[in-house]
Amino acid sequence: MTIPVGLRDIEVRHPARWGAKTPMQTLRIKRTSTDGVERVRSGPGRDLAPVLAGAAVAVGGAGALLALLDSGSPLRGPFALFFLFAAPASAIAAVLRGLDPFSRVLTSVAGAVVVDMLVAQGMLAVHRWSVDGGIVTVAVISGLISLSVFIRHMPGRTTADKVV
């Protein structure tokens, strides 16, 4: 091969002149590892997530129940506080399915704090403060948020009917 006269030294040695691909030509669309294929994890921690989720639901439900029954148990306060943060946080996390895990956790915890503070502020503004009312209101708001997720993903709905 003869070198054209108008090329500089760097242009002559460039790999693309000799058939190499540029970095943009080597990029491919990456697919997530969970596209239609469920990952199978091995080891002792493979079934830990559903167990932890079940334990969290049990602790939150027990906290709400202890608070509504006005129990004198020492677990009433911590379990009720867990319910007040976990119920709206899990509902908001279900809505934010497209975010990466760290952003999803951060946003859902912040959203739970906002829901709790708005409920408390609203109850104080109308002079109707009560523990039972706060527990029930947070449960209803969390249920409505969760219901929106279930309605959006109901089977039998057409693509045009789904809310984006």
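Above this note sits the structure.
Note that this is a predicted model, so its numbers are computed, not measured.

A.B. asks: Please set out the overall build of the protein chain residue by residue, giving values where relevant.
C.D. replies: Across its full length, the protein chain carries five helices and zero strands. Each helix and strand of the protein chain, placed in order from N terminus to C terminus, yields the pattern α-α-α-α-α. Residue burial in the protein chain is summarised as follows: out of 164 residues, 16% are buried. Counted over contacts in the protein chain with a minimum sequence separation of 6, partners at least 24 positions apart contribute 43%. Roughly 12,600 Å² of accessible area belongs to the protein chain as shown, and the carbon and sulfur atoms make up 68% of that amount.

A.B. asks: Residues and numbers for the packing of helix α4 (residues 101-125) against helix α5 (residues 131-152), please.
C.D. replies: Orientation of α4 relative to α5, taken along the N-to-C sense of each, is 135°, at an axis distance of 10 Å. As the angle between them shows, α4 and α5 are arranged oblique. For the crossing formed where α4 meets α5, the hand is right-handed. On α5, the residues that touch Val115, Asp116, Val119 and Met123 of α4 are Gly133, Gly134, Thr137, Val138 and Ile141.

A.B. asks: Before we move on, could you go through the packing of helix α2 (residues 48-68) against helix α3 (residues 76-95) and cite the residues and values that matter?
C.D. replies: Where α2 contacts α3, the axes come no closer than 7 Å and their chain directions differ by 115°. The chirality of how α2 crosses α3 is left-handed. Of α3, the residues touching α2 (which contributes Ala56, Val59, Gly60, Ala62, Gly63, Ala64, Leu66 and Ala67) are Arg76, Phe79, Ala80, Phe82 and Phe83. A class-by-class count of the residues in the contact of α2 with α3 yields 10 nonpolar, two polar and one charged.

A.B. asks: Go over the side chain of serine 142, please, and point to the residues and values.
C.D. replies: Counting through the fold element by element, serine 142 comes out in helix α5. Not counting residues up to four positions away in its chain, the partners in contact with serine 142 are Ala87, Pro88 and Ala91.

A.B. asks: Quick rundown of the pattern of salt bridges? Include the residues and the values.
C.D. replies: Applying the stated criterion to the full structure yields one salt bridge. In this structure, the salt-bridge partner of aspartate 70 is arginine 76, at a minimum N-O distance of 3.2 Å. Accessibility expressed as a relative area gives 22% for arginine 76, which makes it partly exposed.

A.B. asks: Tell me about the nonpolar core, residues and numbers included.
C.D. replies: The biggest cluster of nonpolar side chains holds seven residues, and these are Ala91, Ile92, Val115, Val119, Met123, Val138 and Ile145. Among the secondary structure elements, those contributing two or more residues to this core are α3, α4 and α5. The biggest single contributor to this core is α4, with three residues. Of all hydrophobic cores here, the second largest spans six residues; its members include Ala67, Phe83, Ala87 and Ile135.

A.B. asks: Which residues make up a nonpolar patch on the surface, and what values do they have?
C.D. replies: Taken together, the side chains of Leu68, Val136, Val140, Leu144, Leu147, Phe150, Ile151 and Met154 present a nonpolar region at the surface, about 730 Å² in accessible area. When residues in the nonpolar patch are grouped by element, the largest group, six residues, is from α5. Take leucine 147: it is sitting in helix α5. Look at leucine 147 and you get partly exposed, because its relative accessible area is 42%.

Definitions and limits used
- Residues numbered from 1 in each chain as written.
- Predicted model: local features only at pLDDT ≥ 70, side-chain atom pairs only at ≥ 80, totals over all residues.
- Heavy atoms only, no water.
- Helix = DSSP H or I, 4+ residues; strand = E, 2+ residues; numbered from the N terminus.
- Buried < 20%, exposed > 50% of the residue type's maximum accessible area, 1.4 Å probe, protein only.
- Contact = heavy atoms within 4.5 Å.
- Areas by Shrake-Rupley, 256 points an atom, 1.4 Å probe, with all protein chains shown as cover.
- Axes fitted to C-alpha atoms, helices over the stretch in contact; angles between N-to-C directions.
- Parallel < 35°, antiparallel > 145°, perpendicular 65-115°, else oblique.
- Left-handed = near helix turned anticlockwise from the far one by under 90°.
- Nonpolar A, V, L, I, M, F, W, Y, C, P; charged D, E, K, R; others polar.
- Salt bridge = Lys/Arg side-chain N within 4 Å of Asp/Glu carboxyl O.
- Core = buried A, V, L, I, M, F, W, Y, C linked by side-chain atoms within 4.5 Å.
- Patch = residues over 30% accessible without salt bridge, like charges linked within 9 Å, V, L, I, M, F, W, Y side chains within 5 Å.

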